[in-house]
There are 2 protein chains.
Amino acid sequence: MGSARVIFDRWDGRYAARMAGVRSSAVRDLFAAASRPDVISLSGGMPDVRRVPHDAVTRATRDAMRHDGPSALQYGGSEGRAALRQIIVGLMGESGVRLGPDDLIVTAGAQQGLDLLARVFLDPGDVVIAEGPTYVGALQAFSVYQPDIHCVPMDEGGMRIDLLEAELRRLGPRGAKFIYTIPNFQNPAGVTLVPERRRRLLELARTYDIPVVEDDPYGRLRYEGGHILPLRALDADVIYLGTFSKILAPGLRLGWMAAPRPILARVLLAKQAADLCGSAFSQSVAEHYMTGTGWRRVLADLTSTYGARRDAMLDALSEFFPADVTWTHPEGGFFVWVTLPAHLDTKALLAEAVQHGVTFVPGSDFFPDGRGGNCMRLAFCYESPEQITEGVRRLAEVCEDKLELYRAFVAAGAVPAAARVEEGALR
Amino acid sequence: MGSARVIFDRWDGRYAARMAGVRSSAVRDLFAAASRPDVISLSGGMPDVRRVPHDAVTRATRDAMRHDGPSALQYGGSEGRAALRQIIVGLMGESGVRLGPDDLIVTAGAQQGLDLLARVFLDPGDVVIAEGPTYVGALQAFSVYQPDIHCVPMDEGGMRIDLLEAELRRLGPRGAKFIYTIPNFQNPAGVTLVPERRRRLLELARTYDIPVVEDDPYGRLRYEGGHILPLRALDADVIYLGTFSKILAPGLRLGWMAAPRPILARVLLAKQAADLCGSAFSQSVAEHYMTGTGWRRVLADLTSTYGARRDAMLDALSEFFPADVTWTHPEGGFFVWVTLPAHLDTKALLAEAVQHGVTFVPGSDFFPDGRGGNCMRLAFCYESPEQITEGVRRLAEVCEDKLELYRAFVAAGAVPAAARVEEGALR
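Residues numbered from 1 in each chain as written. Chains lettered and ligands numbered in written order. Predicted model: local features only at pLDDT ≥ 70, side-chain atom pairs only at ≥ 80, totals over all residues. Heavy atoms only, no water.

A. Highlighting the overall build of chain A. Helices and strands together make up the secondary structure of chain A, namely 14 helices and 14 strands. Its C-alpha radius of gyration of 22 Å places chain A within 12% of the 22 Å reference for a compact globule of 427 residues. Projecting the C-alpha coordinates of chain A onto the three principal axes gives extents of approximately 70 × 55 × 50 Å. Here chain A holds 427 residues, and the buried ones make up 66% of them. (Helix = DSSP H or I, 4+ residues; strand = E, 2+ residues; numbered from the N terminus. Rg over C-alpha atoms; globule rule 2.2 N^0.38 Å. Buried < 20%, exposed > 50% of the residue type's maximum accessible area, 1.4 Å probe, protein only.)

B. Representation of helix α4 (residues 82–94) of chain A in the model. Residue and element names in this part refer to chain A. Along its 13 residues, α4 runs 19 Å from first to last C-alpha, staying within 8% of the 18 Å computed at 1.5 Å per residue. The set of residues buried in α4 consists of Leu-84, Arg-85, Ile-88, Val-89, Leu-91 and Met-92. Projection of α4 onto a plane perpendicular to its axis shows the buried side chains occupying an angular sector of 165°, all on one side. Packing partners of the buried residues in α4 comprise β2 (104–107), α9 (231–234), β8 (239–243), β9 (255–258), α11 (280–289) and α12 (294–320). Gly-96 lies just past α4 and shows a positive phi near 100°. (Expected span 1.5 Å × (residues − 1). Arc of directions from axis to C-beta. Contact = heavy atoms within 4.5 Å.)

C. Main features of the interface of chain B and chain A. Listed per partner, the contact involves 89 residues of chain B and 88 residues of chain A. Roughly 7,700 Å² of surface becomes buried between chain B and chain A when both sides are summed, with 59% attributable to carbon and sulfur atoms. On the chain B side of the interface with chain A, the three residues burying the most area are Arg-14, Leu-73 and Tyr-75 of chain B, jointly 10% of the side's total. Among the ionic pairs, Asp-12 of chain B bridges to Arg-266 of chain A, the shortest N-O distance being 3.9 Å. Counting across the interface, chain B meets chain A through 42 residue pairs in polar contact (both at pLDDT 80 or more). Taken together, the elements giving at least two residues each to the side of chain B that touches chain A come down to α3 (54–68), α5 (109–121), α6 (136–143), α10 (261–275) and α11 (280–289) of chain B. When residues in the side of chain B that touches chain A are grouped by element, the largest group, 10 residues, is from α10 of chain B. A class-by-class count of the residues in the side of chain B that touches chain A yields 46 nonpolar, 22 polar and 21 charged. (Buried area = accessible area lost by both parts, 1.4 Å probe. Salt bridge = Lys/Arg side-chain N within 4 Å of Asp/Glu carboxyl O. Polar contact = N/O pair within 3.5 Å; in protein donor to acceptor, adjacent residues only side chain to side chain. Nonpolar A, V, L, I, M, F, W, Y, C, P; charged D, E, K, R; others polar.)

D. Inspection of the nonpolar core at higher detail. Grouped together as the largest cluster of nonpolar side chains are 240 residues, with contacts concentrated most on Phe-142, Tyr-180 and Phe-321 of chain A together with Phe-142, Tyr-180 and Phe-321 of chain B. The contacts of Phe-142 of chain B, once residues within four sequence positions are left out, are Leu-114, Ala-118, Leu-122, Val-128, Pro-147, Ile-149, Phe-178 and Tyr-180 of chain B. (Core = buried A, V, L, I, M, F, W, Y, C linked by side-chain atoms within 4.5 Å.)

E. Representation of the confidence of the model for chain A within the structure. Residue and element names in this part refer to chain A. For chain A, the mean per-residue pLDDT works out to 92, and 93% of the residues sit at or above 70. Contacts from residues 1–6, a stretch scored under 50 in pLDDT, to residues over four places away or in other chains number eight contacts. Scored below 50 in pLDDT, residues 418–422 makes seven contacts in the model with residues more than four places away or belonging to other chains. Scoring the predicted complex yields pTM 0.94 and, for the interface, ipTM 0.93. (pLDDT = per-residue confidence, 0-100.)

F. Molecular detail of the relation of the copies chain B and chain A. When chain B is fitted to chain A, the residual RMSD is 0.0 Å, and the transformation amounts to a turn of 180° plus an axial shift of 0.0 Å. Both copies are brought into coincidence by an operation consistent with a two-fold rotation axis. (Least-squares fit on C-alpha atoms with pLDDT ≥ 70 in both.)

G. The packing of α4 of chain A against α11 of chain A, seen in detail. Residue and element names in this part refer to chain A. Two elements in contact, α4 and α11, have axes whose closest approach is 9 Å; the angle formed by their N-to-C orientations is 50°. The pairing of α4 with α11 is recorded here as oblique in orientation. For the pair α4 and α11, the sense of crossing is left-handed. Facing Ala-83, Leu-84 and Ile-87 of α4, the residues of α11 in contact are Gln-283, Ala-286 and Glu-287. Here the contact of α4 with α11 is composed, by residue class, of four nonpolar, one polar and one charged. (Axes fitted to C-alpha atoms, helices over the stretch in contact; angles between N-to-C directions. Parallel < 35°, antiparallel > 145°, perpendicular 65-115°, else oblique. Left-handed = near helix turned anticlockwise from the far one by under 90°.)

H. Fine view of the pattern of salt bridges. One pass over the structure, following the stated rule, counts 78 salt bridges over all chains. Its salt-bridge partner being Glu-94 of chain A, residue Arg-296 of chain A comes within 2.5 Å of it at the nearest N-O pair. A residue pair is termed long-range when its members are at least 10 positions apart, and Arg-296 of chain A in helix α12 and Glu-94 of chain A in helix α4 qualify at 202 residues. Looking at Glu-94 of chain A, the relative accessible area reads 40%, which means it is partly exposed. Taking the shortest distance from any N to any O, the salt bridge between Asp-311 of chain B and Arg-310 of chain B comes out at 2.9 Å. Given a relative accessible area of 6%, Arg-310 of chain B falls into the buried group. It is possible to trace a salt-bridge network through shared partners that takes in Arg-10 and Arg-14 of chain A together with Arg-174, Arg-206, Asp-209, Asp-235 and Asp-237 of chain B.

I. Looking closely at the sheet that holds strand β6 (residues 178–181) of chain A. Residues and elements named next belong to chain A. The eight strands lie next to each other as β2-β9-β8-β7-β6-β3-β4-β5, forming an open sheet whose pairing is mixed. Two strands lie at the open edges of the sheet, namely β2 and β5 (158–159), each paired on one side alone. Bridge analysis of β6 against strand β7 (residues 212–215) gives three bridges, and the strand direction is parallel. Bridge pairing in β7 places Tyr-180 opposite Val-213. (Pairing = 2+ DSSP bridges.)

J. Quick peek at the sheet that holds strand β14 (residues 375–379) of chain A. Residue and element names in this part refer to chain A. Strand order in this open sheet of four strands is β10-β11-β14-β13, and the pairing throughout is antiparallel. Here the strands that pair on one side only, and so sit at the sheet edges, are β10 (326–327) and β13 (361–362). Sheet topology note: the β13/β14 ladder contains two bridges and is antiparallel. Note on β14: the bridge partner recorded for Val-361 is Arg-377. Packing against the sheet, α12 makes contact with β10, β11 (335–339) and β14, and its axis sits at approximately 15° to β11.

What follows is the structure, encoded as C-alpha cells:
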C-alpha cells in the first residue's frame, strides 16, 4: 500500500528485501471510511473505551505522579516495572496460570510480543504454523522476518488437531519454529479451542519439539460457558501473550509476554534494540488503575455490554442472511466469521458495503496466501445493538444481489463445483 | 549477555541467526550497581526528570481525558496524532526546519526510529556509515539486521569529513545504505559537527547518493555558542530523528522521524508490524503538556542545570586528571569523552570504579569492533555539581594507579608504541 501512494521514489531498489512481503491490512486502510458518522463499523476490533471512566485514569495518573515520583517519567528496565509485573502475576493466577514476576516481561501491547518473538526465532524460509484464518497483525509481524506460514484449518472446536498432526508429521521434528494459536474466541474466527484439543496440541508440540505461542487477548471476555484453562496453565514451556488493551485501554499500549527464561533473556535483548524500554508512565498509570476493585466493575460492565452486542449480531445474522451463508458462534471476544458460498469475493463486495454505510474485513486479509476470499470478519465490539442490527441488515442487502446471481449461475450449472469451494470456511 | 545468565536452554540452536550479533550494553548492565545510593553515576544518560513538575503532568492528563475524550485511550493511526505532529512541526520550525505534519511520524522514542530505519533499509552485509564512537543504542538497533558498520573518526569539529570522503570513495556510489550521524553534542563524544562540515557532508551524500540519518536528541540543550542549523534544514531528503525524552520525559517514550514521504510510507508499514500504533495516551498527555509556555520554563531550567553540571565536570577533570589524559569540550548535551593513554583498558577499570563508588561507560561499548578500549564516556546530566566533582575525583584516583604503572612501563620501553595507539581517541 505504501508504494501505491507514492508517485516517484528515488530510494526505490534500496530497501531491505524483507519489506517486499510486508503489506498493509484492509482493516487499517478502512479507518478513514469507518470514521464517517453514517458508516456502521463492523470492521475494527476496537474495545469500547467510552465505557472506561476517564476520571479513574486521571486519578491513577495523579497517584502515579505522587507515589512513584520521578521513576514514572524516567527510562526503566526493559523487562517492565516490578509492580506491574506483580499485578500481571495476579491476573494470570486468576486464569489458572502460576508463575512469578521474573517469568514475564511487559511489552508495547501484545503486538510487540509478536514482533519480538518473530525477531528472535525466525530466519527467512523458516516455517511457522498458525490457524487459518489468523490474526492479521500476526501475519504482518511475522512477514517482516520472511517465514513460510502454514495455516491449519479450524472448526467450531478450534484448530483441527488431526490436520495439525498431519502437518507436523509432514514437517518432521523441529520442522517449524513455533505454533501460533489464539485459543480463546479466535481472531477472526470467533471459535474456541476445546480442552481435549488443548491437551493434544501440547502433546504434539512436545513430540515434535516445537514451541507453542499462545495469544490470549480476549481470555477474560467470555459471555457464555465456563473458563477454559490456558495452554500456559498446562505446560510451563508455552509462550503466552497477554494485553491490557481489553482490560483497560489500547491507548496505553501495554501487554506482556510470559516465556521460559532462556527465551525471555533473548527477547529482552531484542526489546532493548527495538525501543530501549517500555513506557514507565503508562505502566505506572496502569499499576494505580489496577489497584482496588474499580477496574473489575469496569470489566464486568464491558463484558455484559459486549455480550449483548454479540447476541444482537447473531440474531441479526439469523434474521437477515439466507441459508447458504454460515457463521460461527463465539462464546466471547469480538468477532464472528461469516462464510458466503465459494466464488463470492468479499473484497470486491467491500466498496459497495461502504457505500451502503457498513464496513467489515474481507476474509483474505487473514490468510497469508489469498485464501478466505468468500469470507468476512464481523466485529460486534464497538457499535450499539441497534447499530449492529442495522449494519448486518445493510450488509445482507449488499450480499443478497450477489447471492442471487450466484444461485442463478449454480442453477445453470455454470459454476465449477470443485474449484475454490469452502476455501476460507471452517471445516 | 542473555545466554550468560542462563544455565540450560533447550531452545539453543533454534534462534534466528540475527540474534548472534545482538549484545547487551554495559550501560544497561550497570543499572543495578548505579542504583546503590553511595554510587555516583557518571554512566547513564538519564535526563533529570526530578525537575519536571509532576503536577503539570497530572494536569496534562486531566486535560487529555477531558478534551480528547476516548481517542486518547483508543488505538490510533500509526503515524501518530495530528495535534502532536503539529506541535512537532512547531518545534522543528524553531530549530530552522520547515516541514508539514505529513512529513513526520511519531515513534516510541528515537530508538524505535533507529530500529524502523534499519528494518526498512538493511539486508545482512549492507554497509552503514557511522561516527566512531557512536550511540550504543544505534549499534544495538542496527546489529539486529546484520549490517557491516563502518566508523568514521571525529575530532572537536565532529565527524572528520576528509575521512568520510575517503571511505565513500572506497565504497563507491550507493556503497552504503545510509550515513548515521549525531551532529549536536554527539553521544558519546560530546563534540558538534561544525557548519562547513555539515554542508560538505550533504554534498558528499548527494554525490554518492546515500541517505543521511540525523539523530538529534540533544539539539535544544546548548550551554554555550550559537544554534547551528540541523542537516535537515539544509536538505529536505535528510532523515531526522527527534525525541521528547529530553524536552519532557523519557517515560512517555515519544520521539519522531521526519523523512521523505516514500521512505515514511515504508517506515509506517514497518511500524504497524512492530506495535500497530504508538501510545495515544502518552501522545495526548504530551500535547496538553506542550500547550502554553510552562514547558519552556522547565526546559530553560533543565538547560541551565545541565550547563552548571557540565562546568563542574570540566573543572573537576582539569583539577584531578593528569596531562596524559585528554577529554572533549561539549557545548551542550550530556556527555564528555575521556581518552586515557593507549594500552589502558577502561573495561577492566570499571569494576574497581564501582567499588570506589563511581560508574562510567567503557569506550569499547561505543564501537562495533572493540576499539575505544582506552576511552570512557562520562555523563554529567544526572548528578549534582558536588557529586560530579566527587565522582570525577574518585575516578581519577582509580585511574591514577594504572596511569603510574603505565608510565613506568613506558619509561622502561616496555610498551610497544605503535600498537593500539589512540584507537578510540578523537583525532
